[in-house]
Amino acid sequence: MPRISFILPVYNMEKYLPRVAEALKKQTMGDFEAIFVNDGSKDRSGEICAELEREDSRFRAISKPNGGVASARNTALDLATGDYLFFLDPDDWIEPETAEVLTETADREQADIVMFGKYNDFYDEKGNCVKSVKALPSITGVFCGEPFKEYFDKLATSFFITTKLMRREFVERYHLRFPAKSIGEDGLFYVEFYRHNPSCLVVIDRPLYHYTEARSNSLSNSYHPERVKENFYLSSAIRSVVEEWGLMDSPLHRTKVAYCILRDLQLGIKNISLGPMTFGERYRWLRDAMRDPWVKRSVREVSLKTEKSRNDKIKLQLLKCHLYGAVLILSGCNQKKRG
């Protein structure tokens, strides 16, 4: 039984696979398996994965019809045998000591989950890394008991599934799997993980993961028509956890839930701005969203100070003033600039 199962969902990643494979081969702790799931790629990704399997017995290559990143990760989860799970995206890579540091930490503290920092890497058009920015966790230490309840404001929205090592036994105990969403599936998986009250969390301030910053055609910068009808699924999941815990009367938990609902609203506005909807259709979508009591309350209660960007601050102020048309015009201009 390997110590870690690295899970890599692969779709048209021939450009990046050699780099991530080399990063795995350079691990100072070699007791791992890496499961590459070729999710119906149209390039040479499947061939490269097969070559990697032939070259290194720790690499496993699985091919399946295209079903999305959630389906690919779930396929690998069904096959994983390691003590711990590490979700690694193939266009990213990790530091050589990652596996060793994380397994030693998890073993020492008997942790259900270990979180860590990352580098946000920015590349030019030629593929050269022009800037790398550290992104470290907001808290560090060993937290036992009910850490996700106690530090909910710090942990609830740490949605990057790739900056976490998870104990496989915990995941399998509750049969946690990724839901069939084209975006936000990693956040939903994480929420379901902490819903079950992992009793030991370790957070270290070492950046071990190299995240390739979103490209213009990435999922986070694409239009998702299914989100037009169902936009608040992530914040609804978070709210249901707090309700299940009986903590909706806690100011700390209620404030965080309101923030999550607002984030979903902002993402929904961005989504409709990327799509083919007319201005009238977008206006009606936003007006209807604002009629929801939870959304209305969140817009009213969330402070402008919580918004990180100037644009989001302006949009929140406009929402507070019910100036929905101005919000949509500003969002549309922002998306045109990024495009």
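Our subject is the structure that appears above.
What you see is a predicted model, and the numbers here were worked out from it, not measured in a lab.

Asker: Hey, could you run me through the side chain of Lys118 in this one?
Answerer: Looking at where Lys118 falls in the secondary structure, it is placed in strand S6 (residues 113-123). Glu213 is the oppositely charged side chain nearest to the buried, salt-bridge-free Lys118, at an N-O distance of 5.2 Å. In terms of polar contacts, Lys118 uses its side chain to reach the side chain of Asn120, at 2.5 Å. Aside from chain neighbours lying at most four places away, what touches Lys118 is Val133, Lys134, Ala135, Phe160, Thr163, Pro207, Leu208, Tyr209 and Tyr211.

Asker: Sorry if this is basic, but what is going on with empty space enclosed by the protein here?
Answerer: Gaps between atoms show up when a probe of the same size as a water molecule is rolled over them. Using the criterion set out here, one finds 1 cavity of 30 Å³ or more in the structure. Considered as a void within the structure, the largest cavity measures approximately 40 Å³ in volume. Of all the secondary structure elements, the ones that give two or more residues to the lining of the largest cavity are helix H11 (251-274) and helix H13 (293-301). It is H13 that provides the largest number of residues to the lining of the largest cavity, a total of 4 residues. Class assignment for the residues of the lining of the largest cavity results in 3 nonpolar, 1 polar and 3 charged.

Asker: Before we go on, may I ask you to explain the pattern of salt bridges in this structure?
Answerer: Two side chains carrying opposite charge are able to pair once their charged atoms lie near each other. Throughout the structure, instances matching the rule amount to 26 salt bridges. A salt bridge links Arg173 to Glu169; the nearest nitrogen and oxygen atoms lie 2.8 Å apart. Taken together, the positions of Arg173 and Glu169, both in helix H7 (residues 168-173) and 4 residues apart, correspond to about one turn of that helix. Taking the shortest distance from any N to any O, the salt bridge between Glu243 and Arg239 comes out at 3.6 Å. You can see Glu243 and its partner Arg239 sitting in helix H10 (residues 233-245), 4 residues apart, about one turn around the helix.

Asker: So what exactly am I meant to see when it comes to H13 here?
Answerer: Side chains three or four residues apart in an α-helix point the same way, a direct result of the helix having 3.6 residues per turn. Those residues of H13 that sit buried are Val295, Ser298 and Val299. Each buried residue of H13 sits inside an arc of 95° when the element is viewed along its axis, so together they form one side. Turned more than 90 degrees away from the buried face of H13, the exposed residues are Pro293 and Arg300. Tucked into the core, H13 has its buried residues touching H11, helix H12 (279-290) and helix H14 (310-320). Structurally, the start of H13 carries an N-cap: the backbone nitrogen of Trp294 is 2.8 Å from a side-chain oxygen of Asp292.

Reading the values: rules and limits
- Residues numbered from 1 in each chain as written.
- Predicted model: local features only at pLDDT ≥ 70, side-chain atom pairs only at ≥ 80, totals over all residues.
- Heavy atoms only, no water.
- Helix = DSSP H or I, 4+ residues; strand = E, 2+ residues; numbered from the N terminus.
- Buried < 20%, exposed > 50% of the residue type's maximum accessible area, 1.4 Å probe, protein only.
- Lys, Arg positive; Asp, Glu negative; His and termini not counted.
- Salt bridge = Lys/Arg side-chain N within 4 Å of Asp/Glu carboxyl O.
- Polar contact = N/O pair within 3.5 Å; in protein donor to acceptor, adjacent residues only side chain to side chain.
- Contact = heavy atoms within 4.5 Å.
- 1 Å grid on protein atoms, 1.4 Å probe; cavity = no way out; pocket = protein on both sides within 12 Å on 5 of 7 lines; lining within 4 Å.
- Points joined across faces, edges and corners; volume = space filled by probe spheres on them.
- Nonpolar A, V, L, I, M, F, W, Y, C, P; charged D, E, K, R; others polar.
- Arc of directions from axis to C-beta.

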